[in-house]
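If you want the building blocks of each chain, they are given just below.
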Amino acid sequence: MLHKPAIESGIDNAAKRKARLGVWFFFIYLFFYGGFVAIGVLNYELLATQVTLGVNLAVFYGMGLILFAVLLGILYNFLCSRYEDEMNEGEAKS
Amino acid sequence: MIYGISYIALIFFVLFVGVVLGLSFYFARKTSSASSYYAAGGQIHWAVNGIAFAGDYLSAASFLGICGMIATAGYDGFLYSIGFLAGWIVALFLIAEPMKRLGKYTFTDALNSTFKSRAITLTAAISTLIVSIFYLIPQMVGAGDLVTPLLGLPHWVGVVLVGIVVIVIVASAGMTSTTYVQFIKGGLLLILSTILTVYILKNGLNLQPDHTGQPYHRFMSLSPTMSDTTVVSAGDWKVVSQQDVKGKDFVKLEKDGVARWFRLSQKDSAYTLAEALSISEGENGQTFYNGKPKAQAKFFQVGHMSKIIVDGKEVSKTGALGPFEYLSTIEKSEVVRFSEAKFTDNGKKVSVYYQAKTPGKDFMLPGLKYKIGKGASIWSRLDFISLMLALFLGTAALPHILIRYYTVKSQRDARKSTILAIAAIGAFYVLTLFMGLGAAVNGVMDVESSNMAAPLLAKAFGVVLFSIISAVAFATILGTVSGLIIASSGAIAHDLMDNYFKVNFNDDKKVRAGKMAAFGVGIFAIALGILFKGMNVSFLVGWAFSIAASANLPAILFLLFWKRTTAKGISWSIVTGIVSSLAIILTSPTMWDRYGLDASTAIHKLENPAIISFPLAILAVWLGSLASQDKNAAVQRTEA
């Protein structure tokens, strides 16, 4: 009993496509996250630059990374659900 | 800090613990089989699961630790918010769906699902245990800190209290109860943080942050008479001694039989003595707070601004501010933080907390804790990169987070849960910046522990808000600790005893073994919680993330994405990740200080190990897999 998953998944034809999308989205986010770290280490003074609304680049970029994660997540869910609908017609939805 | 008991807080506290335990017992009646004990039978609604995910994740580290670190180290604390949330991206985009398809109860099962390997079973179970224990330490430290102002009890009592309550919860019910408890708590934490932020913005900034029933201390400033660089006299105070601690001068003055410490500073040719707080050892081991015994309660909360600039002009207060106005005003002004200096005076230990004026533009940039600007050492820069790497990669590799993937019906639900969690957690992390900054400038900080910043800030705005927030934070810790203890007990009872040592248990005995393991881990966690008193809990969580990222993530990623990965590669990687990250942590400057040694003599200067241990673990899985290609069948990609 302990070796069974909580719920068995059906066949998912969209799995490969979703995995590829996930990897792409991961690298897109990594680019911006890595950019923040790189600016901090290589060009620290740039973080002090005033950007907008009276806040510096550090605050703007940090909050931006949080917001971007949420937006990317929503887009990912939307695309994955569409792939599943398109590719799993006639299959038990997983 | 010296606190009295708060009866309103006590009522709410008892009420909350009662609700939590009541829910546990209620769901215990519905829980009988091993499947429902470990993973709630896969019957949790995705929205409940999503908020419970957030509840799991918004642990003591987030609410107590991040706010505390922002309050003491400014933007460096916010780095944890950014990194903790970014970690969800790795979890969602790379791990969530494939892991759900491998769907087992524990991290070990998931790794082991494509080939039966005793080495993986053993190493992954040990990894789960070590990561869970490192994640448990900050929760227990937070529990102790929380109970001090809540109930006026010592730190260790809080740690023991949480330990006992959690052992009762876990032993009586299991995952079902914790999912609903986490759901309620996650939701409440978001609502209360929003209310607190509204209070902060409405209150604005004030040079003298007095609050109803809690007037802020008026700090003394004296002009001494000097002979060269030595204080000769200071008004009607008697000069007792002067100490040079790493280039900073501290002077002990006495008046009316009470000795106080001051920081000596020089601007142009004028010298000033600024009042500091002190905790000193007296005769017979008695502790003195600001020169008086603890019972006389002469200690006070701190944190204020020394300059507020609005439209280029200095003002004494601002009135209500918008969110961005609040941030930009602090950036243009000057914040007074309280730094610690430790030394001995006449053979007695002294801790002095002195005023450190910090320009707002420095406070709102990284660098006060993790120095990365001009003049920063290579170690310091590496430490910053290492921290950001660990936060980014650690989330997906936490055992108690992974378990929750299995509590919903389908991949689609698991994904929706995760996105709801990201949105909820993201909103909360934005609020941490305001709560942390609010605590820094509203005269609420406890110099002995930064962890209580947010609850103490709530106390300044009203005891009811404080009591509700404290109760929720306490429930936060209860929920997180119970989730971690379930993961640990699963690793011991299911992975080690059942799978590795092949002890033949029936279903009843499996559950009983899990509960006994939970008891053992709980007792161990209590001991560690007491030992690590006083440390910032976010910093401690950073270590758990580093170990998880190094020990678990390379193994998971290679299993999912590299067809030639072998069982040997995975077990090599886990062992390398654990050993290297633990070795670096246990020899770090912070641990040196814990051992009672001088932190500056530590064998290296790295506080966060991931920058070394993560690549090493990747190298190990790659080399281990290549070296064992002939003996092991290559793993089929689960998503291929």
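Residues numbered from 1 in each chain as written. Chains lettered and ligands numbered in written order. Predicted model: local features only at pLDDT ≥ 70, side-chain atom pairs only at ≥ 80, totals over all residues. Heavy atoms only, no water.

Reading fine detail from the predicted coordinates is not recommended where pLDDT is low. Residues and elements named next belong to chain B. Confidence in the prediction for chain B averages 81 pLDDT; 88% of positions are at 70 or higher. Helix α2 (residues 34-39) is the least confidently modelled element of chain B, averaging 48 in pLDDT, while helix α22 (residues 610-627) averages 92, the highest of any element. Every residue in residues 34-38 scores below 50 in pLDDT, and together they form 29 contacts with partners more than four places removed in sequence or on other chains. Confidence drops under a pLDDT of 50 for residues 634-640, and excluding neighbours within four residues, the segment shows 26 contacts in the predicted structure. (pLDDT = per-residue confidence, 0-100. Helix = DSSP H or I, 4+ residues; strand = E, 2+ residues; numbered from the N terminus. Contact = heavy atoms within 4.5 Å.)

Residue and element names in this part refer to chain B. If you trace the backbone, Arg260 turns up in strand β6 (residues 258-267). Residue Arg260 is classed as buried on the basis of its relative accessible area of 10%. Here the side chain of Arg260 touches Glu275 through a polar contact of 2.8 Å, side chain to side chain. Polar contacts involving the side chain of Arg260 include one to the main-chain carbonyl oxygen of Ala276, which spans 3.1 Å. Discounting residues that sit within four places of it in the chain, Arg260 has contacts with Met220, Trp237, Val251, Lys252, Leu253, Glu275, Ala276 and Asn290. (Buried < 20%, exposed > 50% of the residue type's maximum accessible area, 1.4 Å probe, protein only. Polar contact = N/O pair within 3.5 Å; in protein donor to acceptor, adjacent residues only side chain to side chain.)

Right, let's get into the pattern of salt bridges. Within the structure shown, the criterion is met by seven salt bridges over all chains. B:Lys255 is the partner of B:Asp236 in a salt bridge, and the nearest nitrogen-oxygen pair spans 3.5 Å. Residue B:Asp236 is located in the loop between β3 (230-233) and β4 (238-245), and its partner B:Lys255 is located in strand β5 (residues 248-255); the two are separated by 19 residues in the primary sequence. A salt bridge links B:Glu275 to B:Arg260; its shortest N-O distance comes to 2.8 Å. Of this pair, B:Glu275 sits in strand β7 (residues 270-275) while B:Arg260 sits in strand β6, and the two are 15 residues apart along the sequence. For the pair B:Glu275 and B:Arg260, a shared accessibility class is recorded, and that class is buried. The structure contains a network of salt bridges with shared partners spanning A:Arg17, A:Arg82 and A:Glu86. (Salt bridge = Lys/Arg side-chain N within 4 Å of Asp/Glu carboxyl O.)

In this section: the environment of B:Val162. Mapped onto the fold, B:Val162 is located in helix α8 (residues 155-172). Each residue touching B:Val162, except ones within four places of it in the same chain, is listed here: B:Met140, B:Ala143, B:Phe474, B:Ile477, B:Leu478 and B:Val481.

Attention now moves to the pairing of β7(B). Residue and element names in this part refer to chain B. In β7, alternate side chains face the same way, and those of Tyr271, Leu273 and Glu275 are buried while those of Ala270, Thr272 and Ala274 on the opposite face are not. Inspection of the sheet shows strand β1 (residues 221-222) paired to β7 by two bridges, in the antiparallel sense. The partner of Leu222 across the bridge, within β7, is Leu273. As paired elements, β6 and β7 share six bridges and run antiparallel to each other. (Pairing = 2+ DSSP bridges.)

This brings us to a negative patch on the surface. Residue and element names in this part refer to chain B. Side chains of Glu340, Glu448, Asp593 and Asp598 sit close together on the surface and give a patch of like negative charge. With respect to the helices and strands, Asp593 occurs in helix α21 (residues 589-594). For Asp593, a relative accessible area of 41% puts it in the partly exposed group. (Patch = residues over 30% accessible without salt bridge, like charges linked within 9 Å, V, L, I, M, F, W, Y side chains within 5 Å. Areas by Shrake-Rupley, 256 points an atom, 1.4 Å probe, with all protein chains shown as cover. Lys, Arg positive; Asp, Glu negative; His and termini not counted. Charge placed at Lys NZ, Arg CZ, Asp CG, Glu CD.)

Turning our eyes to something else, we now look at the packing of aromatic side chains. As enumerated under the stated definition, the model contains 31 aromatic pairs over all chains in all. Where A:Tyr29 meets A:Tyr33, the ring centres are 6.5 Å apart and the plane angle is 25°; that geometry is what we call stacked. With a gap of four residues between them, A:Tyr29 and A:Tyr33 both fall in helix α1 (residues 15-42), about one helical turn apart. For the pair formed by A:Tyr29 and A:Tyr33, the shared burial category is buried. One aromatic cluster is present, built from ring pairs that chain together A:Phe26, A:Phe27, A:Tyr29, A:Phe31, A:Phe32, A:Tyr33, A:Phe68 and B:Phe392. We note B:Lys369 situated over the ring of B:Tyr370; from NZ or CZ to the ring centre the distance is 5.7 Å. Sitting over the face of the ring of B:Phe466, B:Lys459 holds its NZ or CZ atom 5.3 Å from the ring centroid. (Phe/Tyr/Trp six-rings, centres within 6.5 Å; stacked < 30°, edge-to-face > 60°. Lys NZ or Arg CZ within 6 Å of the ring centre and 35° of its normal.)

Here the focus is the sheet that holds strand β11 (residues 304-310) of chain B. Residues and elements named next belong to chain B. One open sheet accounts for seven strands, arranged β10-β9-β8-β14-β13-β11-β12; its pairing is antiparallel. Every other strand in the sheet has two partners, leaving β10 (292-293) and β12 (313-315) as the edge strands with one partner each. Where helix α10 (residues 323-332) meets the sheet, its contacts fall on β11 and β13 (334-345), and the angle it forms with β11 comes to roughly 105°. (Axes fitted to C-alpha atoms, helices over the stretch in contact; angles between N-to-C directions.)

Another point: the nonpolar core. Core analysis: the largest hydrophobic core is formed by 196 residues, its most contacted members being A:Tyr33, B:Tyr326 and B:Tyr429. Tallying contributions element by element places helix α7 (residues 118-151) of chain B first for this core, with 18 residues. For this core, the two domains that each supply at least three residues are domain 1 (7-204 + 379-627) and domain 2 (221-370) of chain B. In this structure B:Tyr326 touches B:Ile200, B:Leu201, B:Gly204, B:Leu205, B:Leu321, B:Phe434, B:Leu437, B:Gly438, B:Val441 and B:Asn442, once residues within four positions along its chain are discounted. (Core = buried A, V, L, I, M, F, W, Y, C linked by side-chain atoms within 4.5 Å. Domains from an automatic or database assignment.)

Now for the sheet that holds β1(B). Residues and elements named next belong to chain B. If you trace the five strands from one edge of the open sheet to the other, you get β1-β7-β6-β5-β4, paired in antiparallel fashion. The sheet is open, and its two borders are formed by β1 and β4, each paired with just one other strand. Bridging between β5 and β6 involves seven bridges; their strand directions are antiparallel. Bridge pairing in β6 places Val251 opposite Phe262.

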